[in-house]
Amino acid sequence: MTKPTPTARERIVAGAADMISRRGLNATSIREMAKHARAPLGSTYHYFPEGKQQLATEAVRYTGAWTSRSLCKALEAGPVAGLRAFLALWRKIVVDSDFRAGCPVLAVSIEEPATDETPAALAAAADVFTEWESLLAASLRGHGAEREQAAQLATLIVAAVEGTVAMCRAKRSTQPLDDTAEQLQTLILAAIED
């Protein structure tokens, strides 16, 4: 079965997510996002009339949904399998990009907003992190972890993996992923075996 060809809008959103993952939000213009997606600038404004923040918000949601689908599928086999899949997904991104790309959700989260208001992209990033934590916590609870421990461990997993991706980029090595995987797996096994 062949995959459907992405629409122009989907290409722009995916391209924006990729650009943000490489350069951050503030260092990326909407013109560069359109060029990277091989889309005319006019169509970018057609699909995203509110401009860069709207496109960034969609890019964060796109990344969140894409990652959540992968995580959900892997979590069917349990929290350790979910952890491995989560780490494998980010390993592929950093390795395939020669350590130039990370997570666009994290990139949006760590940049200073231009105003005192919470930008929509930042709010979307918070929602994405919450979704990933919820998926992991539910799997941990389903495999015997207590509610509070599952929630805390899920937060630790998301925070550790996001931080590890940044470390991999800086060190140009996947060793931080390997080290993090081993320690998080130990914590998960202790939580579900208790």
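Whatever comes next refers back to the structure up there.
Worth saying up front: this structure is predicted, and the values here are computed from it rather than measured. (Residues numbered from 1 in each chain as written. Predicted model: local features only at pLDDT ≥ 70, side-chain atom pairs only at ≥ 80, totals over all residues. Heavy atoms only, no water.)

(A) Focus on the packing of aromatic side chains. Applying the stated criterion across every chain yields a total of 3 aromatic pairs. Considering the side-chain rings of Phe 129 and Trp 132, the 5.9 Å spacing of their centres and the 75° angle between planes classify their relative orientation as edge-to-face. Separated by 3 residues within a single helix, Phe 129 and Trp 132 lie in helix 7 (residues 120–142), roughly one turn from each other. Of the residues examined, Trp 132 reaches a relative accessible area of 0% and is grouped as buried. Members of the aromatic cluster, each reached through a chain of ring pairs, are Phe 86, Trp 90, Phe 129 and Trp 132. (Phe/Tyr/Trp six-rings, centres within 6.5 Å; stacked < 30°, edge-to-face > 60°. Helix = DSSP H or I, 4+ residues; strand = E, 2+ residues; numbered from the N terminus. Buried < 20%, exposed > 50% of the residue type's maximum accessible area, 1.4 Å probe, protein only.)

(B) Geometry of the layout of surface pockets. Space inside the largest pocket adds up to approximately 310 Å³. In this structure, the largest pocket is lined by 16 residues; those nearest its centre are Ala 17, Asp 18, Ser 21, Trp 66 and Ile 93. Of all the secondary structure elements, the ones that give two or more residues to the lining of the largest pocket are helix 1 (8–23), helix 4 (52–75) and helix 5 (79–96). Here the lining of the largest pocket takes 5 residues from helix 1, the largest share from any one element. Each residue belonging to the lining of the largest pocket can be placed in one class, and the counts come to 8 nonpolar, 4 polar and 4 charged. Roughly 230 Å³ of volume is contained in the second largest pocket. When residues of the lining of the second largest pocket are traced back to their parent elements, those giving at least two are helix 4 and helix 7. Per-class residue counts for the lining of the second largest pocket are 7 nonpolar, 3 polar and 4 charged. (1 Å grid on protein atoms, 1.4 Å probe; cavity = no way out; pocket = protein on both sides within 12 Å on 5 of 7 lines; lining within 4 Å. Points joined across faces, edges and corners; volume = space filled by probe spheres on them. Nonpolar A, V, L, I, M, F, W, Y, C, P; charged D, E, K, R; others polar.)

(C) Spotlight on the packing of helix 8 (residues 147–171) against helix 9 (residues 175–193). It is the contact of helix 8 with helix 9, at a shortest axis distance of 9 Å, that shows an interaxial angle of 170°. Looking at the two axes, helix 8 sits roughly antiparallel to helix 9. Across the interface between the two elements, Gln 149, Leu 153, Leu 156, Ile 157, Ala 160, Val 161, Thr 164, Met 167, Cys 168 and Lys 171 of helix 8 pack against Pro 176, Leu 177, Thr 180, Leu 184, Leu 187, Ile 188 and Ala 191 of helix 9. Looking at side-chain class alone, the contact of helix 8 with helix 9 contains 13 nonpolar, 3 polar and 1 charged residues. (Axes fitted to C-alpha atoms, helices over the stretch in contact; angles between N-to-C directions. Parallel < 35°, antiparallel > 145°, perpendicular 65-115°, else oblique. Contact = heavy atoms within 4.5 Å.)

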